[in-house]
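Working through the structure, step by step
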Amino acid sequence: MTTIYGIKNCDTMKKARAWLDGKGIAYDFHDYKMAGIERGRLEGWARQVGWETLLNRAGTTFRKLPAEDKEGLTERKAIALMIAQPSMIKRPVLEAGGKLLVGFKPDQYETLA
């Protein structure tokens, strides 16, 4: 089963979902801004790809954080931030057939088709 995690109105999410739809790949969509995200799932993703890959430092939510929240980041602190504000999770996160892809790159998605 394929599940794509992200935020409904994100432009990158729209591109990824359109790509999946265009290839006829069935998927479940989990909007983590609406439904939240489980600590265990985030920790599992961090083990697979690293918390640095998951944390969206370029996004507005992260940039607006107070300096003390951004400094001295550790995995534990980053996961707590992402749970509190899921829009800080890089988008999309795609789970498919044991693979975990973070961000949308069509050439990486081709490995699913």
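**As for helix H1 (residues 11–22)**
Here H1 contains twelve residues, and its C-alpha end-to-end distance of 16 Å stays within 8% of the 16 Å for a straight helix at 1.5 Å per residue. Looking one or two places after H1, you find Gly-24, whose phi comes out positive at around 70°.

**Points about the pairing of strand S2 (residues 28–31)**
The pairing of strand S1 (residues 2–6) with S2 spans four bridges and is parallel. Opposite Thr-3, over in S2, you have Asp-28 as the bridge partner. Following the chain from S1 across H1 to the adjacent parallel S2, one finds a crossover that is right-handed.

**Describing the packing of helix H2 (residues 39–49) against helix H6 (residues 75–84)**
Where H2 meets H6, the axes come as close as 10 Å, and the angle between the chain directions of the two elements is 135°. Considered as vectors, H2 and H6 are oriented oblique to each other. Here H2 and H6 pass one another in a crossing that is right-handed. Each of Arg-39, Leu-42, Glu-43 and Ala-46 in H2 lies in contact with H6, whose residues at this interface are Glu-75, Ile-79, Met-82 and Ile-83. Along the lines of polarity and charge, the residues of the contact of H2 with H6 split into five nonpolar, no polar and three charged.

**Here's the deal with the sheet that holds strand S4 (residues 99–102)**
One open sheet holds the four strands; their spatial order is S2-S1-S3-S4, and the pairing between them is mixed. Only two strands of the sheet have a single partner each, and these edge strands are S2 and S4. When strand polarity is set aside, the average angle formed by the axes of neighbouring strands in this sheet is 15°. Running over the sheet, H1 touches S1, S2 and strand S3 (93–96) and is turned about 165° from S1. Across the sheet, H2 touches S1, S3 and S4, and the angle it forms with S4 is around 90°.

**What to know about the nonpolar core**
Residues Trp-45, Met-82 and Tyr-109 are the most contacted members of the largest nonpolar core, which totals 34 residues. Secondary-structure elements contributing two or more residues to this core are S1, H1, H2, helix H3 (51–54), H6, S3 and S4. The residues touching Tyr-109, leaving out its near neighbours within four places in the chain, are Ile-4, Ala-16, Trp-19, Leu-20, Pro-92, Leu-94, Leu-101, Gly-103 and Phe-104.

**Details of the pairing of S4**
Pairing between S3 and S4: four bridges, direction antiparallel. Across the sheet, Val-93 pairs through a bridge with Val-102, a residue of S4. Connecting S3 to the next strand, S4, in antiparallel fashion are two residues, including Gly-97 with a positive phi near 50°.

**Details of the packing of aromatic side chains**
With the rule as written, the count across this model stands at three aromatic pairs. Between the aromatic rings of Phe-104 and Tyr-109, the centroid separation amounts to 4.8 Å while the plane-to-plane angle is 90°, which identifies the pairing as edge-to-face. Owing to a relative accessible area of 0%, Tyr-109 belongs among the buried residues under this scheme. Here a set of aromatic residues connected by ring pairs shows up, and it is made of Trp-19, Phe-104 and Tyr-109.

What counts and what doesn't
- Residues numbered from 1 in each chain as written.
- Predicted model: local features only at pLDDT ≥ 70, side-chain atom pairs only at ≥ 80, totals over all residues.
- Heavy atoms only, no water.
- Helix = DSSP H or I, 4+ residues; strand = E, 2+ residues; numbered from the N terminus.
- Expected span 1.5 Å × (residues − 1).
- Pairing = 2+ DSSP bridges.
- Right-handed = clockwise from strand over helix to strand, strands pointing away.
- Axes fitted to C-alpha atoms, helices over the stretch in contact; angles between N-to-C directions.
- Parallel < 35°, antiparallel > 145°, perpendicular 65-115°, else oblique.
- Left-handed = near helix turned anticlockwise from the far one by under 90°.
- Contact = heavy atoms within 4.5 Å.
- Nonpolar A, V, L, I, M, F, W, Y, C, P; charged D, E, K, R; others polar.
- Core = buried A, V, L, I, M, F, W, Y, C linked by side-chain atoms within 4.5 Å.
- Buried < 20%, exposed > 50% of the residue type's maximum accessible area, 1.4 Å probe, protein only.
- Phe/Tyr/Trp six-rings, centres within 6.5 Å; stacked < 30°, edge-to-face > 60°.

Interpretation note: all reported values are geometric properties and have no functional meaning in isolation.
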